[in-house]
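Chain residues, written in single-letter form:
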Amino acid sequence: MKRKSYSLLLITIVFFACENKYYTVEDFPEVEKIDAHYHVYTNNNSSLEQAANDNFKLFAINTYSGGCERVVTAHQWLKELGEEKPDEFAYSATFCLDGWDDPAWVDNTISWIEQCVADGANSVKVWKNIGMEYRDKDSVLIMIDDPKFDLIFEYLAKNNIPLVGHLGEPKNCWLPADEMTTKNDSSYFSRHPEYHMYLHPEFPSYEEQMAARDRMLEKNPDLVFIGCHLASLEWSVDALAEFLDRFPNASVDMAARLGQVFYQTRDDREKVRKFFVDYQDRLMYGTDVIDSGQEKEAFQKELHQTWLHDWEFLVTDKTMSSSLIEGDFQGLKLPKEVINKIYTENFKKWYKTF
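Everything numeric here is computed off the predicted structure, so don't read it as measured data. Numbers given to residues run from 1 along each chain, matching the order in which its sequence is written. Owing to the predicted nature of the model, reporting of local features is limited to residues with pLDDT of at least 70; listing and counting of side-chain atom pairs is limited to 80 or more, with chain, interface and lining totals taken over all residues. To obtain the side-chain values, all non-hydrogen atoms of the structure were included, while hydrogens and water were left out.

(A) Looking closely at the overall build of the protein chain. In DSSP terms, a helix is any run of H or I states spanning at least four residues, a strand is any run of E spanning at least two, and both are numbered starting from the N terminus. Scanning the protein chain from terminus to terminus reveals 13 helices and 12 strands. A globule of 354 residues ought to have a C-alpha radius of gyration of about 20 Å, and the protein chain, at 21 Å, matches this closely. Overall, the protein chain is about 90 × 45 × 40 Å in size when its C-alpha atoms are taken along their principal axes. Burial classification: accessible surface area is computed with a 1.4 Å probe over protein chains only, and a residue below 20% of its type maximum counts as buried, one above 50% as exposed, and the rest as partly exposed. Counting the 354 residues in the protein chain, one finds 53% classified as buried. Residue contacts follow a heavy-atom distance rule, with two residues in contact if any of their heavy atoms lie within 4.5 Å. For the protein chain, contacts bridging at least 24 residues in sequence account for 73% of all contacts bridging at least 6. To be clear on the numbers: accessible area is Shrake-Rupley with a 1.4 Å probe, and residue cover counts the displayed protein chains and nothing else. As displayed, the protein chain has an accessible area near 16,300 Å², and 51% of this comes from carbon and sulfur atoms. The globule rule used here is 2.2 Å times the number of residues to the 0.38 power, and the radius of gyration it is set against is calculated over C-alpha atoms.

Below you can see the structure in the form of structure tokens.
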């Protein structure tokens, strides 16, 4: 009888020890988290209030879209928030391509970056309009490996300033809308046909976009690079693993690309889970949510639901669904140590902030 009781006790201890390796949905408000890819384009935002409720810190990325005036205005808002909430809020700088053909453009851009970093920015963002929109005086499309960027990226590497890169687009961008693998992609490119490259065969291909990025990284081996949106390799964890193996100074955030992760998980959960475990030091959680002063209550509710749904996917093995893809999929149930890295530790390591 005693032996039976002892065996039962041992099984119970082993069970709870195994379960203690994982978080639950109920742990969500108690665990410190960072949204490593966020946008604030208002001086009256409601993000930080919800972030405090859900135990998040925010990293806001300034992006060169909408013109240089917007870049400068957004930087001022971000600077003010950073000064007001330094323990809860951090942000990136970005730069404009206006004046590209002016011989002083490089020096002026480095001066602007210096000012932004002095103001509190911890990194510099480049966006997809490099390679998809801006042209020089001869109407040649400017790519990210253009030699004119070399001195800027050398400056960043020398001063240990990470380059945050949204370069190229999801591979779906080069497909017809009805062949895209996720609904968020088909919806986005339907609303933004100017960036739907399937409609613009005169622009560089997906492979050419990725090759230009990789050539830039080869030229700058000391540059710390954070690839936004799974480095536009969201379609394949195998391709993403090859990229991370090739460039040891690179990491990625998963902002706005969890739909692609859901899609791959639906078809081969164990492969996706193994990737997250194997590359746990190179992944950061992010959403790409934009706070532009929307109606407060609805915005905060949607933000909370997004954060909670993603948490459930990463920490449990529940069968789930998403408006982003067709079909059900099972959560990854990653160990606590992996979750802690994805949500906080990797951000602190790669951005040296918080």
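From this point on, the discussion continues.
(B) A look at the state of the cysteines. In what follows, a disulfide is any cysteine sulfur pair within 2.5 Å. Going through the model one piece at a time under the given rule, you end up with 1 disulfide. The side chain of cysteine 68 participates in a disulfide bridge whose partner is cysteine 96; the two sulfur atoms lie 2.2 Å from each other. Within this pair, whereas cysteine 68 is found in helix 3 (residues 68-84), its partner cysteine 96 is found in the loop between strand 4 (93-94) and helix 4 (105-119), the two being separated by 28 residues in sequence. The class of cysteine 68 is partly exposed, set by a relative accessible area of 22%. Cysteine 228 supplies the cysteine sulfur nearest to cysteine 173, a cysteine that is in no disulfide, at a spacing of 16 Å. When its relative accessible area of 0% is taken as the criterion, cysteine 173 is described as buried. Given a relative accessible area of 1%, cysteine 228 falls into the buried group.

(C) Structural view of the packing of aromatic side chains. Aromatic pairing here means that ring centres of Phe, Tyr or Trp (its six-membered ring) are within 6.5 Å. Orientation follows from the plane angle: under 30 degrees is stacked, over 60 is edge-to-face, and everything else is tilted. Counting across every chain of the model gives 29 aromatic pairs. With 5.0 Å between their ring centres and 55° between their planes, tryptophan 100 and phenylalanine 149 make a pair best called tilted. Taken as a pair, tryptophan 100 in the loop between strand 4 and helix 4 and phenylalanine 149 in the loop between strand 5 (124-126) and helix 5 (150-158) lie far apart in primary sequence, 49 residues in all. A connected cluster of aromatic rings, assembled from ring pairs, spans Tyr23, Phe28, Phe56, Tyr285, Trp307, Trp311 and Tyr343. Charge-over-ring placement is defined geometrically: NZ (Lys) or CZ (Arg) within 6 Å of the ring centre, and within 35 degrees of the ring normal. Directly above the ring of tyrosine 41 sits arginine 70, whose terminal nitrogen or CZ lies 3.8 Å from the centroid. The lysine or arginine in question, lysine 148, covers the ring of tryptophan 100, its NZ or CZ lying 5.0 Å from the ring centre.

(D) Molecular detail of the side chain of histidine 229. Positionally, histidine 229 belongs in helix 8 (residues 228-231). Leaving out residues up to four positions away in the same chain, histidine 229 has contacts with His37, His166, Glu234, Asp253, Ala255, Ala256, Arg257 and Asp288.

(E) View of helix 13 (residues 336-351). To estimate the expected span of a helix, subtract one from its residue number and multiply by 1.5 Å. An ideal rise of 1.5 Å per residue puts 22 Å on 16 residues; helix 13 measures up with 21 Å between its terminal C-alpha atoms. Among all positions in helix 13, only Val338, Ile339, Lys341, Ile342, Tyr343, Thr344, Asn346, Phe347, Trp350 and Tyr351 are buried. Two residues or fewer past helix 13, lysine 352 is found with a positive phi of approximately 55°.

(F) Expanded view of a negative patch on the surface. Each patch is built from salt-bridge-free residues with over 30% relative accessible area, joining like charges within 9 Å and nonpolar side chains (Val, Leu, Ile, Met, Phe, Trp, Tyr) within 5 Å. In what follows, salt bridge is the name for a side-chain nitrogen of Lys or Arg lying within 4 Å of a carboxyl oxygen of Asp or Glu. Just so you know, the count uses Lys and Arg for positive and Asp and Glu for negative, and it drops His and the chain ends. Charge placement uses NZ in Lys and CZ in Arg. For Asp and Glu, CG and CD serve respectively. Together, Glu80, Glu83, Glu84, Asp87 and Glu88 give the surface a local cluster of negative charge. Of note, aspartate 87 is situated in the loop between helix 3 and strand 3 (89-91).

(G) Quick look at the sheet that holds strand 7 (residues 225-227). Spatially, the 6 strands line up as an open sheet ordered 4-5-6-7-8-9, and their pairing is parallel. Looking at which strands have only one partner, the edges of the open sheet turn out to be strand 4 and strand 9 (283-284). Note on pairing: DSSP must find at least two bridges between two strands before they are called paired. Direction of pairing for strand 8 (residues 250-253) relative to strand 9: parallel, over a ladder of 2 bridges. The partner of aspartate 253 across the bridge, within strand 9, is methionine 284.

(H) Region of the structure containing the nonpolar core. Nine residue types can take part in a nonpolar core, namely buried Ala, Val, Leu, Ile, Met, Phe, Trp, Tyr and Cys, and a core is a set of them joined through side-chain atoms within 4.5 Å. Ranked by size, the top nonpolar core spans 99 residues in total, and within it Phe95, Phe149, Phe243 and Phe276 carry the most contacts. Broken down by element, this core gets its largest block of residues, 7 residues, from helix 12 (residues 296-315). Beyond its immediate sequence surroundings of up to four residues, phenylalanine 243 is in contact with Arg213, Asp214, Leu217, Phe225, Ala231, Leu233, Ala250 and Val252. Grouped together as the second largest cluster of nonpolar side chains are 12 residues, Phe59, Ile61, Met284 and Phe347 included.

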